[in-house]
Amino acid sequence: MKKIIICFCCFFILLVSCTFDYGETGAQERETPDLIMDNVEYVRVRSADPIARFNARHAERYERQGLMKLREFTFEQYENRGTETNAFGRAGNALVYLESGDVLMDMGVKLEVVSEEIIIETNQLEWKDTPRLLTSGAEDEVNISKEDGTNFVGIGLTADARRRTWEFAGRVNGTYVYEEEEETSGESTGDTE
């Protein structure tokens, strides 16, 4: 009986002095990507039509957060059921929120909007897909240019794609070229009866 008690005491002391590593949970678990890929092409589809194509040198996908972290990022955004490119650009880094379609780009962003014939360059831009808003950092300088000679710089851009409005939070300077459309008179050169 004494041997059993001594063995039990020895086992209990060993058990108490041991620690078991079940792996860390919490913040570190959330920071571990579920998938790591290099030289990635990702196509976002809605109702069987491509709406955007992303390319990245390096990508990390986080399922729990529903996001992808991308490095050396380029993209194209499509319209008309994926048949026409409406916008394209690049950034050093990007966070793509998979459910919402929101994108945060930084480390040198260049965006060209084909339908507006405009180029936007800044350090950081954020696209909010549902409200269709494009914003820069509040203190970021944004350079906007067009082939017609328009070229200006402003601080803190907010652009509403639905309303087709642009607004700056801070100073703006540069040149904006406005071309009036030619009006045609209602006069006819042919004979009428």
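Nothing here was measured: the structure is a model prediction, and the numbers come from that model.

**Concerning the pairing of strand S5 (residues 103-106)**
With burial as the criterion, only one face of S5 is covered, namely that bearing Val103 and Met105; the residues Leu104 and Asp106 on the opposite face remain uncovered. The pairing of strand S4 (residues 84-97) with S5 spans 4 bridges and is classified as antiparallel. The residue bridging Leu95 from the neighbouring strand is Leu104, located in S5. In this structure, the hairpin formed by S4 and S5 is closed by a connection of 5 residues, where Gly101 is found at a positive phi of approximately 85°.

**Considering the nonpolar core**
If you look at the biggest cluster of nonpolar residues, it comprises 30 residues, and the most contacted ones within it are Phe54, Leu70, Phe73, Met105, Leu111, Ile120 and Ile144. The contact partners of Leu70, leaving out residues within four places of it in the chain, are Phe54, Ala56, His58, Ala59, Gly92, Asn93, Ala94 and Val96.

**A short note on unusual backbone geometry**
Apart from glycine, the bulk of residues carry a negative phi angle, and the bulk of peptide bonds sit in the trans form. A positive phi angle is found at Ala48, which is not glycine, with a value near 70°. One can find Ala48 in the loop between strand S1 (35-46) and strand S2 (49-62). Its identity is not glycine, yet Arg132 carries a phi of approximately 60°, on the positive side. With respect to the helices, strands and loops of the structure, Arg132 is situated in the loop between strand S8 (125-128) and strand S9 (133-136). Overall, Arg132 belongs to the partly exposed group, its relative accessible area being 26%.

**Regarding a negative patch on the surface**
Negative charge collects at one region of the surface, where Glu117, Glu147, Asp148 and Glu179 lie side by side. Examined against the element boundaries, Asp148 turns out to sit in the loop between strand S10 (141-146) and strand S11 (151-155). Overall, the relative accessible area of 30% leaves Asp148 in the partly exposed class.

**Let's talk about the confidence of the model for the protein**
For the protein, per-residue confidence averages 82 on the pLDDT scale, and 78% of positions sit at 70 or higher. Confidence over residues 1-23 falls short of pLDDT 50; this stretch has 0 contacts with residues more than four positions distant or in other chains. Here residues 187-193 scores under 50 on pLDDT; set against residues more than four positions off or in separate chains, the count is 0 contacts.

**Quick word on the side chain of Asp129**
Within the element layout of this structure, Asp129 appears in the loop between S8 and S9. Once residues within four sequence positions are removed from consideration, Asp129 is found in contact with Arg44, Arg46, Ser100, Gly101 and Asp102.

**Considering the packing of aromatic side chains**
The final tally for this structure, using the stated rule, is 5 aromatic pairs. Ring centres of Phe73 and Phe75 lie 5.5 Å apart, and the angle between their planes is 20°; on these two criteria the pair is classed as stacked. For Phe75, a relative accessible area of 12% corresponds to the buried category. Taken together, a centroid distance of 6.1 Å and an interplanar angle of 80° make the contact between Phe152 and Phe168 edge-to-face. Of the two residues, Phe152 is situated in strand S11 and Phe168 in strand S13 (residues 165-168); the sequence distance between them amounts to 16 residues. An aromatic cluster is defined as three or more aromatic residues linked by ring pairs; in this entry it consists of Tyr42, Phe54, Phe73 and Phe75.

What counts, and at which threshold
- Residues numbered from 1 in each chain as written.
- Predicted model: local features only at pLDDT ≥ 70, side-chain atom pairs only at ≥ 80, totals over all residues.
- Heavy atoms only, no water.
- Buried < 20%, exposed > 50% of the residue type's maximum accessible area, 1.4 Å probe, protein only.
- Helix = DSSP H or I, 4+ residues; strand = E, 2+ residues; numbered from the N terminus.
- Pairing = 2+ DSSP bridges.
- Core = buried A, V, L, I, M, F, W, Y, C linked by side-chain atoms within 4.5 Å.
- Contact = heavy atoms within 4.5 Å.
- Patch = residues over 30% accessible without salt bridge, like charges linked within 9 Å, V, L, I, M, F, W, Y side chains within 5 Å.
- Areas by Shrake-Rupley, 256 points an atom, 1.4 Å probe, with all protein chains shown as cover.
- Salt bridge = Lys/Arg side-chain N within 4 Å of Asp/Glu carboxyl O.
- Lys, Arg positive; Asp, Glu negative; His and termini not counted.
- Charge placed at Lys NZ, Arg CZ, Asp CG, Glu CD.
- pLDDT = per-residue confidence, 0-100.
- Phe/Tyr/Trp six-rings, centres within 6.5 Å; stacked < 30°, edge-to-face > 60°.

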